[in-house]
Amino acid sequence: MLQDTDLENLRSVVHGPLSRPGNPGYAADTAGFNPSAVPRPDAVLGAAGVDDVQNAVRWAAERNIPLGIQATGHGAAAVMDEGLLINTSRLQDLAVDPDAGTATVGAGVRWRSVLGETVLLGLTGPHGSSGTVGVVGYASGGGLPLMGRALGFASDHVQGIEVVTPDGRLRQLEAGGSEDAELFAALRGGKGNFGVITSMTLGLTPFREFYGGGIMYPEDAGPEVLAAFRAWTTQLPSDASASLAFLHLPDVPFLPEELRGTAPVHLRFGLFGSREEGDTLLEPMRRISTPIMDTAGPMDYGAIDSIHMDPEDPVPSLDRGCLLGALPDELTDALTGQVGPGSNTPLMMTEIRLMGGALAMDPPVEDAVSGRDAAFNLYALGLNVPPVADATAAALDRLDDAVGPYTAGALINLRGHIRTEADARPAWDPEVLRRLQAAKAAYDPQNLFRFGPPVPLPVP
Ligand SMILES: Cc1cc2nc3c(=O)[nH]c(=O)nc-3n(C[C@H](O)[C@H](O)[C@H](O)COP(=O)(O)OP(=O)(O)OC[C@H]3O[C@@H](n4cnc5c(N)ncnc54)[C@H](O)[C@@H]3O)c2cc1C
């Protein structure tokens, strides 16, 4: 437990707000996107700048106080119930360099802010399905972009990282640089285990036309749509990304009236291409069944969040994800049984996202992302509040059992709630885990950063 005198020492060397449970500001600086997984540290610092981060890390290292990191709270991964949480949401510097084709972002910047500047310049970045996610936390977990098949993983685009390591040093790391190369690799897939990233530079990608949107099918069409999706995705070019989600939508006012309380199947599609190319590619999926809704067409890239329609406001949720090596008949049958028509599953969304294309290529610089050869990513989530919380947990376990034989690792960003080291393990194959552990021993031998999701120190 933190002593008041220790906190006063910290307060004297930082500029941002420092609060304890019950203090004004504590609730706001610990709140995240999942009200059922809020961290409960002994104190939280709203870092006002890089100096605050450095001083807080030095202070914690001297006292052996565990540290957590939070920007937007979209990925509350491991339970934090002690120590100091460093909230980076105030680090909002954002510099787009159109000539270099890069964006340099502070640790608190969200993808939406980046795209707000780059789209006007005809540039995009390797963002995921929702612009509300933080750039740094996402890319530190590898980052599976919405247009991943065209772009590869977000970590492939990271050109530079500024990070405060547990020794309190501010290090400048570069892609391909010889200094701290193992740290540069660990910070792109190993998440917040090695220090606080204060800023990151990512390469941007030019684009001309974009076609995207979603098609919703009625619940009963689930098996037919899944079978068609499987065949159709074998033919898609890498400029196109696609996913299929079995939805079980609650009857809540923020949804369009016609979707409330329904269980549609949602095809999400994006293409760097023209109307003609998009319509041609989507034709086989439009031919089956009768869609309830079809929004696919040429779109303003600024509206890209409308493809997946992720929630914008916090949801108390329990989630889990894994990679799939293939989607054979037995697996489509098992998935349909778990979340298809008549399953009455409590899972609000079960998404099968197509991998492949640039995601299957080797990274330009060594990183800590495993599972590049997977065929699909499966990700499911349900409400984590009484009276459905237990049913959600049980449904996620059943889904795990059903897909178990076909899993091919996991992506750490989309692994879901991580309570133990074992929960995180599928995200790192043995060689990647060995490198992460070596980096942990070299840069954080005290294991100060232990919530992020945990990489164990190597056994001596
Ligand atoms: C609606 C929604 C959509 C999503 N879509 C995608 C998607 O398409 N693709 C995908 O890959 N993921 C996706 N995710 C998962 C998301 O990328 C991860 O949860 C990511 O960690 C969120 O980062 P954050 O900074 O926003 O969240 P936070 O909860 O603030 O941070 C999560 C973790 O990131 C690490 N971290 C954050 N900041 C730093 C820092 N400055 N230095 C070091 N480590 C840091 C820490 O380990 C921290 O615990 C989605 C999540 C949500 C809720």
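Reading the values: the criteria
- Residues numbered from 1 in each chain as written.
- Predicted model: local features only at pLDDT ≥ 70, side-chain atom pairs only at ≥ 80, totals over all residues.
- Heavy atoms only, no water.
- Core = buried A, V, L, I, M, F, W, Y, C linked by side-chain atoms within 4.5 Å.
- Buried < 20%, exposed > 50% of the residue type's maximum accessible area, 1.4 Å probe, protein only.
- Helix = DSSP H or I, 4+ residues; strand = E, 2+ residues; numbered from the N terminus.
- Expected span 1.5 Å × (residues − 1).
- Salt bridge = Lys/Arg side-chain N within 4 Å of Asp/Glu carboxyl O.
- Contact = heavy atoms within 4.5 Å.
- Domains from an automatic or database assignment.
- Buried area = accessible area lost by both parts, 1.4 Å probe.
- 1 Å grid on protein atoms, 1.4 Å probe; cavity = no way out; pocket = protein on both sides within 12 Å on 5 of 7 lines; lining within 4 Å.
- Points joined across faces, edges and corners; volume = space filled by probe spheres on them.
- Nonpolar A, V, L, I, M, F, W, Y, C, P; charged D, E, K, R; others polar.
- Near = heavy atom within 4 Å.
- Polar contact = N/O pair within 3.5 Å; in protein donor to acceptor, adjacent residues only side chain to side chain.
- Areas by Shrake-Rupley, 256 points an atom, 1.4 Å probe, with all protein chains shown as cover.
- Pairing = 2+ DSSP bridges.
- Axes fitted to C-alpha atoms, helices over the stretch in contact; angles between N-to-C directions.
- Arc of directions from axis to C-beta.
- Lys, Arg positive; Asp, Glu negative; His and termini not counted.

## Notes on the nonpolar core
Grouped together as the largest cluster of nonpolar side chains are 40 residues, with contacts concentrated most on Phe269 and Met285. Broken down by element, this core gets its largest block of residues, 5 residues, from helix 8 (residues 222-233). Core analysis: the second largest hydrophobic core is formed by 36 residues, Ala139, Ala186, Phe194 and Ala439 among them.

## Comments concerning helix 3 (residues 50-63)
Helix length check: helix 3 (14 residues) gives 20 Å between terminal C-alpha atoms against 20 Å at 1.5 Å per residue, within 8%. Taken residue by residue, helix 3 has Asp52, Val53, Gln54, Ala56, Val57, Trp59, Ala60 and Ala61 as its buried positions. Where helix 3 ends, the next residue or the one after it, Asn64, has phi of about 55°, a positive value.

## As for the pattern of salt bridges
Under the counting rule described, the total for this entry stands at 25 salt bridges. Of the charged contacts, one joins Asp279 and Arg286 as a salt bridge, the two residues approaching to 3.0 Å between their closest N and O atoms. A salt bridge links Asp397 to Arg320; the nearest nitrogen and oxygen atoms lie 2.8 Å apart. In this pair, Asp397 is assigned in helix 11 (residues 389-403) and Arg320 in strand 17 (residues 317-324), connecting sequence segments 77 residues apart. The exposure class of Arg320 is partly exposed, given its relative accessible area of 22%. Sharing partners across several salt bridges, the network here consists of Glu366, Glu431, Arg434 and Arg435.

## Thoughts on the environment of Leu7
Checked against the element boundaries, Leu7 lands in helix 1 (residues 4-11). Residue Leu7 is classed as buried on the basis of its relative accessible area of 3%. Each C-alpha atom, one on Leu7 and one on Gly302, is 43 Å from the other, the two residues being 295 residues apart in sequence. Excluding residues that lie within four positions of it along the chain, Leu7 makes contacts with Leu2, Leu18, Arg20, Ala43 and Trp59.

## Notes on the environment of Val57
Here Val57 is to be found in helix 3. The buried category is assigned to Val57, whose relative accessible area is 0%. Along the sequence, Val57 and Val105 sit 48 residues apart, while their C-alpha atoms lie 21 Å from each other. Not counting the four nearest positions on each side in its chain, Val57 is found in contact with Leu67, Ile86, Val164, Thr165, Pro166, Gly168, Val196 and Phe449.

## Things to note about the domain arrangement of the protein chain
You can read the domains of the protein chain as domain 1 (4-87), domain 2 (94-206) and domain 3 (211-414). Computed from C-alpha coordinates alone, the two centres of domain 1 and domain 3 are separated by 35 Å. Between domain 1 and domain 3, the contact holds 5 residues from the first and 8 residues from the second. Interface area, domain 1 with domain 3, both sides summed: about 470 Å², of which 56% is carbon and sulfur. Here domain 1 and domain 3 share 0 salt bridges between them.

## Digging into empty space enclosed by the protein
Here the structure, examined in full by the defined rule, presents 4 cavities of 30 Å³ or more. What the largest cavity holds in volume is close to 90 Å³. Lining the largest cavity are 14 residues, with Pro145, Leu146, Ser241, Ala242 and Arg353 sitting closest to its centre. Those elements that place two or more of their residues in the lining of the largest cavity are helix 6 (148-151), strand 13 (240-247), strand 14 (265-271) and strand 18 (347-354). The element best represented in the lining of the largest cavity is strand 13, accounting for 3 residues. Considered class by class, the residues forming the lining of the largest cavity number 7 nonpolar, 4 polar and 3 charged.

## A short note on the site of the ligand
Ala71, Thr72, Gly75, Leu144 and Lys191 are the nearest of the 31 residues found near the ligand. Between His74 and the ligand, the recorded distance is 3.1 Å, taken from a backbone N or O atom to an oxygen atom. Contact between the ligand and Ser129: an oxygen atom at 2.9 Å from a main-chain N or O atom of the residue. Contact with the protein chains hides 93% of the accessible area of the ligand, taken as 950 Å² for the molecule alone.

## A few points about the sheet that holds strand 10 (residues 196-203)
Within a sheet, neighbouring strands are paired by backbone hydrogen bonds and run either parallel or antiparallel to one another. Reading across the sheet, the 5 strands line up as 5-6-10-8-9 and stay open at both edges, with antiparallel pairing between neighbours. Edge positions in the sheet fall to strand 5 (94-97) and strand 9 (170-174), since each of these pairs with one other strand and no more. This sheet shows a mean twist of 10° between the axes of neighbouring strands, independent of strand direction. The sheet strands contacting helix 4 (residues 111-118) are strand 5, strand 6 (102-106) and strand 10, and the helix crosses strand 5 at an angle near 35°.

## Digging into helix 1
All of the buried residues along helix 1 are Asp6, Leu7 and Leu10. Each buried residue of helix 1 sits inside an arc of 95° when the element is viewed along its axis, so together they form one side. In this structure, helix 1 carries Asp4 and Thr5 as exposed residues pointing more than 90 degrees from its buried face. Those residues of helix 1 that are buried lie in contact with strand 1 (18-19), strand 2 (43-46), helix 3 and strand 4 (84-87).

## Some words on the side chain of Arg149
Relative to the assigned elements, Arg149 resides in helix 6. Buried charged residue Arg149 carries no salt bridge. Nearest counter-charge: Asp239, at 8.7 Å. A polar atom in the side chain of Arg149 sits 2.8 Å from the backbone oxygen of Met355. Each residue touching Arg149, except ones within four places of it in the same chain, is listed here: Leu236, Pro237, Ser238, Ala240, Ser241, Leu354, Met355, Gly356, Gly357, Ala358 and Leu359.

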